[in-house]
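Report on the structure
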Amino acid sequence: MTREVQVTFDAAHPGTQARFWAKVLGYRVQPPPPPFETWAEALEAFGVPAERRDDASAVVDPDGRGPRVFFQKVPEGKVVKNRVHLDVRAAPGLEGAERMAALEAEAERLVAVGATVLCRREPQPPLEAGHLVLADPEGNEFCLD
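On to a nonpolar patch on the surface. Taken together, the side chains of Val29, Trp39 and Phe46 define a hydrophobic patch exposed on the protein surface, amounting to about 270 Å² of accessible area. Position of Trp39 among the secondary structure elements: in helix 2 (residues 39-45).

Structure follows, in structure tokens:
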């Protein structure tokens, strides 16, 4: 039996993280349940106090194929390197200079929405195709692969 997977991030600002990752992945922020038009309206109706309305957020694949990504508020900040990270497949099938150019172009787009480029790993054939390491607005590392 297969299982559905959700990826969960601890965050200081779940809403900000959700909007960032929606842009990275081509996802959308999960809409509120019917009959609500907005999350503000839904959270008000649910009686969630204003200071708790950024405690959680999620993004979903609009095509329903990829996993849901959930962001939950935690009191502590990120302290050490991630033990698990996402590889965002930005240049599948490309090699060499063409691959690295595609990765650099995607990194430029993501920097414009809040990412930071941490390093570039040059191709080392035959096993390493080259990739870029970036960080999201809260410092979580991910690779453009």
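Mapped onto the secondary structure, Leu110 falls in helix 3 (residues 96-112). Of the residues examined, Leu110 reaches a relative accessible area of 0% and is grouped as buried. Setting aside its immediate chain neighbours within four residues, Leu110 contacts Phe20, Val24, Ala115, Leu134, Phe142 and Leu144.

Applying the stated criterion across every chain yields a total of nine salt bridges. The salt bridge involving Glu104 is made with Arg120; its shortest N-O contact spans 2.7 Å. Here Arg120 lies in strand 6 (residues 116-121) and Glu104 lies in helix 3, a separation of 16 residues in the sequence. Sharing partners across several salt bridges, the network here consists of Arg89, Arg99 and Asp145.

This part covers the layout of surface pockets. Each pocket or cavity is described by its volume, and for the largest pocket that value is around 520 Å³. Around the largest pocket, the lining comprises 23 residues; the ones closest to its centre are Phe9, Asp10, Lys78, Asn82 and Asn140. Only strand 1 (6-11) and strand 8 (141-144) provide two or more residues apiece to the lining of the largest pocket. The biggest single contributor to the lining of the largest pocket is strand 1, with five residues. Residue composition of the lining of the largest pocket, grouped by class: 11 nonpolar, five polar and seven charged. Of the pockets and cavities examined, the second largest pocket occupies roughly 330 Å³. Only helix 1 (14-25), helix 2, strand 3 (56-60) and strand 4 (68-73) provide two or more residues apiece to the lining of the second largest pocket. Class assignment of the residues belonging to the lining of the second largest pocket gives a composition of eight nonpolar, three polar and six charged.

Simply put, the disulfide is a covalent bond whose two ends are the sulfur atoms of two cysteines. If you walk through the whole model with that rule in mind, you get zero disulfides. Sulfur of Cys119: no disulfide; nearest cysteine sulfur belongs to Cys143 and is 7.6 Å away. With a relative accessible area of 23%, Cys119 lands in the partly exposed category.

Moving on, we come to the packing of aromatic side chains. Under the criterion given, the structure shown has six aromatic pairs. Here the aromatic rings of Trp21 and Phe142 are separated by 4.8 Å at their centres, their planes lie at 65°, and the arrangement is edge-to-face. One end of the pair, Trp21, is in helix 1; the other, Phe142, is in strand 8, and 121 residues separate them in sequence. Assigned by exposure class, Trp21 and Phe142 land together as buried. Measuring from ring centre to ring centre gives 5.4 Å for Phe36 and Phe46, while their planes differ by 80°; the resulting arrangement is edge-to-face. Linking Phe36 in the loop between strand 2 (28-29) and helix 2 with Phe46 in the loop between helix 2 and strand 3, this pair joins segments that are 10 residues apart in sequence. Among the residues examined, Phe46 registers a relative accessible area of 48% and is labelled partly exposed. In textbook terms, an aromatic cluster arises when at least three aromatic residues are bridged by ring pairs, as seen for Phe9, Phe20, Trp21, Phe71 and Phe142.

Basis of the calculations
Residues numbered from 1 in each chain as written. Predicted model: local features only at pLDDT ≥ 70, side-chain atom pairs only at ≥ 80, totals over all residues. Heavy atoms only, no water. Patch = residues over 30% accessible without salt bridge, like charges linked within 9 Å, V, L, I, M, F, W, Y side chains within 5 Å. Areas by Shrake-Rupley, 256 points an atom, 1.4 Å probe, with all protein chains shown as cover. Salt bridge = Lys/Arg side-chain N within 4 Å of Asp/Glu carboxyl O. Helix = DSSP H or I, 4+ residues; strand = E, 2+ residues; numbered from the N terminus. Buried < 20%, exposed > 50% of the residue type's maximum accessible area, 1.4 Å probe, protein only. Contact = heavy atoms within 4.5 Å. 1 Å grid on protein atoms, 1.4 Å probe; cavity = no way out; pocket = protein on both sides within 12 Å on 5 of 7 lines; lining within 4 Å. Points joined across faces, edges and corners; volume = space filled by probe spheres on them. Nonpolar A, V, L, I, M, F, W, Y, C, P; charged D, E, K, R; others polar. Disulfide = S-S within 2.5 Å. Phe/Tyr/Trp six-rings, centres within 6.5 Å; stacked < 30°, edge-to-face > 60°.

These figures come from the coordinates and say nothing about function on their own.
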